[in-house]
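Observations on the three-dimensional arrangement
Spelled out from the first residue to the last, the chains are:
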Amino acid sequence: MSDKIRWGLLGLGAISSKFATGLSFLPDAEIYAVGSRSQEKAGEFGARYGATKAYGSYEALAADPDVDVVYIGTPHNYHMPNSLLCLNAGKHVLCEKPFAVNADEAKAMIDCARANDRFLMDAFWTRFFPGMVKLRQLLADKAIGDVMLVQADFGYRTGQVVPESRIYNPALAGGALLDVGSYCVQLASMVYGKQPSDISSQVAIGSTGVDELSVSVFKYSDYEMATLTTAIRLNTPHEARILGTGGRISIPNWWMPSELTVTVQGEEPETIRFDNVGNGFNYEAAAVGECIRAGKTESDIMPLDETLAIMQTLDRMRAQWGLRYPFER
Ligand SMILES: NC(=O)c1ccc[n+]([C@@H]2O[C@H](COP(=O)([O-])OP(=O)(O)OC[C@H]3O[C@@H](n4cnc5c(N)ncnc54)[C@H](OP(=O)(O)O)[C@@H]3O)[C@@H](O)[C@H]2O)c1
């Protein structure tokens, strides 16, 4: 491996642009290659971000012997085939959230990474922000006692319903749950360190056949619960609150946190602010680089068994709603 981790970016849409910007903040990483279904697009994107190589197919990117790790930035339903392509070509992989469209696909990806002895991670960038590192520390220190309730929302209102877009198209695994609800499920999973024993959920399925609004109650034990709201037809406050026997922690814009407020029972609230650097994607990219340099095949912060468990929880929610994507039938 060279001094710098050599990244390949696969699928050059909106999120890959942001990830490329994030990488530019890391002195020990470079955008070595980019891969698109279009050579012209690859050339433009590569020139914009200073990539050494620009490929007009995903296969050519995966075959480049000098790429260390590939970032997958395609729509949800392509995460599995794109990840398998790269893992089988001997690349490490960071795959955008949702990791896959269901648990069966997630398991195939994890099995493939383990068979090839390659690093693989679910790109929940939220977990790598300094604010989330602090949150995990506060919870481990029992700063608010024992957690009894997690409340989190992640909902936005799209300008209009565009049936063919990846947000509304069931053939691209559209809907709020996989796009942003998955963030809420991973937060509850991180806080409790397990998946719910019971799920009670209500959903609005829209005209294109995907979930547009849902409210879910998760129960882990009698005194461990979560209420999670997600939407693509409603702007929600983007707040997370973690309530414990000895106080609570509130996090505005919790999926990319820059502050959190700790209220220990009987004391004044304390707001802790973080001077985030870069655009946030640099934190997860740096963590991936550290794992690869250390020869690790998975992250302790976003481990693969937890990724699979989260996907199983998402499957259970969809099963309650009777929501199956066309390619699952
Ligand atoms: N972590 C985050 O904060 C975050 C934020 C937004 C999105 N995401 C995730 O990133 C993934 C991509 O989202 P995005 O908003 O970047 O989507 P996007 O702008 O539509 O870009 C997706 C890219 O995937 C490639 N692609 C391959 N097959 C495609 C197909 N049949 N239809 C459309 N695109 C196809 C295209 O790249 P080429 O034309 O170059 O091949 C396209 O530009 C999603 O899974 C989403 O959940 C994560």
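Quick caveat: nothing in here was measured; it's all calculated off a predicted structure.

What counts, and where the lines are drawn
- Residues numbered from 1 in each chain as written.
- Predicted model: local features only at pLDDT ≥ 70, side-chain atom pairs only at ≥ 80, totals over all residues.
- Helix = DSSP H or I, 4+ residues; strand = E, 2+ residues; numbered from the N terminus.
- Rg over C-alpha atoms; globule rule 2.2 N^0.38 Å.
- Buried ≥ 20, exposed ≤ 12 C-beta atoms within 10 Å, placed from the backbone.
- Contact = placed C-beta atoms within 7 Å.
- Near = placed C-beta within 6 Å.
- Nonpolar A, V, L, I, M, F, W, Y, C, P; charged D, E, K, R; others polar.
- Domains from an automatic or database assignment.
- Pairing = 2+ DSSP bridges.
- Axes fitted to C-alpha atoms, helices over the stretch in contact; angles between N-to-C directions.
- Parallel < 35°, antiparallel > 145°, perpendicular 65-115°, else oblique.
- Left-handed = near helix turned anticlockwise from the far one by under 90°.

Concerning the overall build of the protein
- Each helix and strand counted, the protein has 9 helices and 14 strands in total.
- The C-alpha radius of gyration computed for the protein amounts to 20 Å, which stays within 12% of the reference 20 Å derived for 329 residues, consistent with globular compactness.
- Dimensions of the protein along its principal axes, counting C-alpha atoms only, are 60 × 45 × 40 Å.
- Here the protein, with 329 residues, has 49% of them falling under the buried criterion.
- Partitioning the intrachain contacts of the protein with sequence separation of at least 6 by distance along the chain shows that 67% fall at a separation of at least 24.

Some points on the site of the ligand
- Taken together, 20 residues form the shell around the ligand, and within it Gly11, Gly13, Ala14, Ile15 and Ser36 come nearest.
- The residue makeup of the shell around the ligand, split by class, is 7 nonpolar, 7 polar and 6 charged.

Some thoughts on the environment of Trp125
- With respect to the element layout, Trp125 can be found in the loop between β6 (120-123) and α6 (130-140).
- Of the residues examined, Trp125 has 26 C-beta atoms within 10 Å and is grouped as buried.
- Sequence-wise, Trp125 and Pro303 are 178 residues apart; in three dimensions their C-alpha atoms are separated by 13 Å.

Remarks on the domain arrangement of the protein
- The assigned domain composition of the protein is domain 1 (5-126 + 282-297) and domain 2 (130-275).
- Summarising the inter-unit geometry, the C-alpha centres of domain 1 and domain 2 are found 26 Å apart.
- Each partner contributes to the interface: domain 1 provides 8 residues, whereas domain 2 provides 10 residues.
- Class assignment for the residues of the side of domain 1 that touches domain 2 results in 4 nonpolar, 3 polar and 1 charged.

A word on the sheet that holds strand β4 (residues 69-72)
- The strand order β3-β2-β1-β4-β5-β6 describes an open sheet built from 6 strands, whose pairing is parallel. Only two strands of the sheet have a single neighbouring strand rather than two, namely β3 (53-55) and β6. Each adjacent strand pair in this sheet contributes to an overall mean axis angle of 25°, direction not counted.
- Sheet topology places strand β1 (residues 5-10) next to strand β2 (residues 29-35); 6 bridges connect them, and they run parallel. Across the sheet, Arg6 pairs through a bridge with Glu30, a residue of β2.

Topic: helix α4 (residues 79-88)
- Within α4, 7 of the 10 residues are buried, which leaves it mostly tucked inside the rest of the structure.
- If you follow the buried residues of α4, they end up packed against β1, α3 (58-63), β4, β5 (92-96), α5 (103-116) and β6.
- Gly90 lies just past α4 and shows a positive phi near 90°.

Topic: the pairing of strand β9 (residues 211-221)
- Looking at chain direction, strand β8 (residues 198-205) and β9 are connected through 8 bridges and run antiparallel. Looking at the pairing, Ala204 lines up with Leu213 of β9.
- Where β8 folds back onto β9 in an antiparallel hairpin, the turn is made up of 5 residues, including Gly209, whose phi is positive at roughly 95°.
- Alignment of β9 against strand β10 (residues 224-231), held across 8 bridges, turns out to be antiparallel. Of the residues in β10, the one forming a bridge with Lys219 is Met225.

Regarding the packing of helix α1 (residues 14-23) against helix α8 (residues 281-293)
- Packing of α1 against α8 brings their axes to within 8 Å, and their N-to-C directions diverge by 70°. Judged by the angle between their axes, α1 and α8 are roughly perpendicular. Between α1 and α8 lies a crossing of right-handed hand. Note on element contacts: α8 touches α1 through Phe281, Asn282 and Ala285, opposite Lys18, Phe19, Gly22 and Leu23.
- In terms of residue class, the contact of α1 with α8 is made up of 4 nonpolar, 2 polar and 1 charged.

Quick look at unusual backbone geometry
- Residue Pro98 is bonded to the preceding Lys97 through a cis peptide linkage, with omega at -10°.
- Along the chain, Pro98 falls in the loop between β5 and α5.
- With a phi close to 55°, Asp117 is a non-glycine residue in the positive phi region.

Considerations on the sheet that holds strand β12 (residues 247-252)
- Here we have 8 strands laid out as an open sheet, ordered β8-β9-β10-β7-β11-β12-β13-β14, and mixed in their pairing. Each edge of the sheet is formed by a strand with only one pairing partner; in this case those strands are β8 and β14 (270-273). Each adjacent strand pair in this sheet contributes to an overall mean axis angle of 10°, direction not counted.
- Pairing between strand β11 (residues 239-244) and β12: 6 bridges, direction antiparallel. Across the sheet, Arg241 pairs through a bridge with Ser250, a residue of β12.
- Sheet strands in contact with α6 are β7 (147-155), β12, β13 (259-264) and β14, and its direction is about 20° off that of β13.
- Strands in contact with helix α9 (residues 304-321) are β8 and β9; relative to β8, the strand with the most contacts, it is inclined by about 60°.

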